[in-house]
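Chain by chain, the residues:
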Amino acid sequence: MERLELDEDVHQQVRLLARAWSVTESEVIRRLVNAFVNQDAVAAPAAPVEPVAIYADYEGHHVEAEFHPATRRVSITSGSLTGRSFKSPSGAAIAVVQALNPSVHPNRNGWSFWFIQETGRALQSIRSSSNS
């Protein structure tokens, strides 16, 4: 294996891309070189968007969470479900309803159940921009 010498600022950027893409630093360089060499090829994937702070108010309880646009997962950050992560906004909404009101049917549309903390708009408002 050969070594490649990089300036510290360039190496920091490679490390950042490696974390964002969940690959090795070597794979980052491979992708960037391939994108350059194969001008017709699709560029390296964009870094995932930062998590979006969201909330739900249900049965007098305020529950906070994070929506991860790249994976569409929801991670609960407050209340009895803190630390739990769900594959979808609806999965997280169902879990909240089950935890707070187990006597009702829990099915919920997570896209309309959760709201964006910064704007107060339904999570649905950014749904198309989170499609990967």
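Residues numbered from 1 in each chain as written. Predicted model: local features only at pLDDT ≥ 70, side-chain atom pairs only at ≥ 80, totals over all residues. Heavy atoms only, no water.

### A closer look at the sheet that holds strand β1 (residues 52-58)
If you walk across this open sheet you meet the five strands as β4-β3-β2-β1-β5, and the pairing is antiparallel. Each having just a single partner strand, β4 (85-86) and β5 (115-116) make up the two edges of the open sheet. In this sheet, β4 lies alongside strand β3 (residues 73-76) in antiparallel orientation, the contact comprising two bridges. Note on β4: the bridge partner recorded for S75 is S85. (Pairing = 2+ DSSP bridges. Helix = DSSP H or I, 4+ residues; strand = E, 2+ residues; numbered from the N terminus.)

### Examining the pairing of strand β2 (residues 61-68)
Here β1 runs beside β2; their pairing, made up of seven bridges, is antiparallel. Note on β2: the bridge partner recorded for Y58 is H61. Here β1 folds back onto β2 in antiparallel fashion, the turn holding two residues, of which E59 has a positive phi close to 50°. The pairing of β2 with β3 spans four bridges and is antiparallel. Across the sheet, the residue bridging to E66 is S75, located in β3. Connecting β2 to the antiparallel partner β3 that follows it, the hairpin turn spans four residues, and R72 within it adopts a positive phi of roughly 65°.

### Concerning unusual backbone geometry
Unlike most non-glycine residues, S22 shows phi in positive territory, near 55°. Along the chain, the position of S22 falls in the loop between α1 (8-21) and α2 (25-37). Positive phi, close to 65°, is recorded for R72, a residue that is not glycine. Its location among the elements puts R72 in the loop between β2 and β3.

### Section: the side chain of S78
Of note, S78 is situated in the loop between β3 and β4. A distance of 2.7 Å separates the side chain of S78 from the backbone nitrogen of E64, its partner in a polar contact. The residues touching S78, leaving out its near neighbours within four places in the chain, are H62, V63 and E64. (Polar contact = N/O pair within 3.5 Å; in protein donor to acceptor, adjacent residues only side chain to side chain. Contact = heavy atoms within 4.5 Å.)

### Considerations on the pattern of salt bridges
Summed over all chains, the structure comprises three salt bridges. The shortest N-O distance in the salt bridge between R31 and E27 comes to 3.3 Å. With a gap of four residues between them, R31 and E27 both fall in helix α2, about one helical turn apart. Classification of R31 as partly exposed rests on a relative accessible area of 25%. Several salt bridges share partner residues, and in doing so they unite E27, R30 and R31 into one network. (Salt bridge = Lys/Arg side-chain N within 4 Å of Asp/Glu carboxyl O. Buried < 20%, exposed > 50% of the residue type's maximum accessible area, 1.4 Å probe, protein only.)

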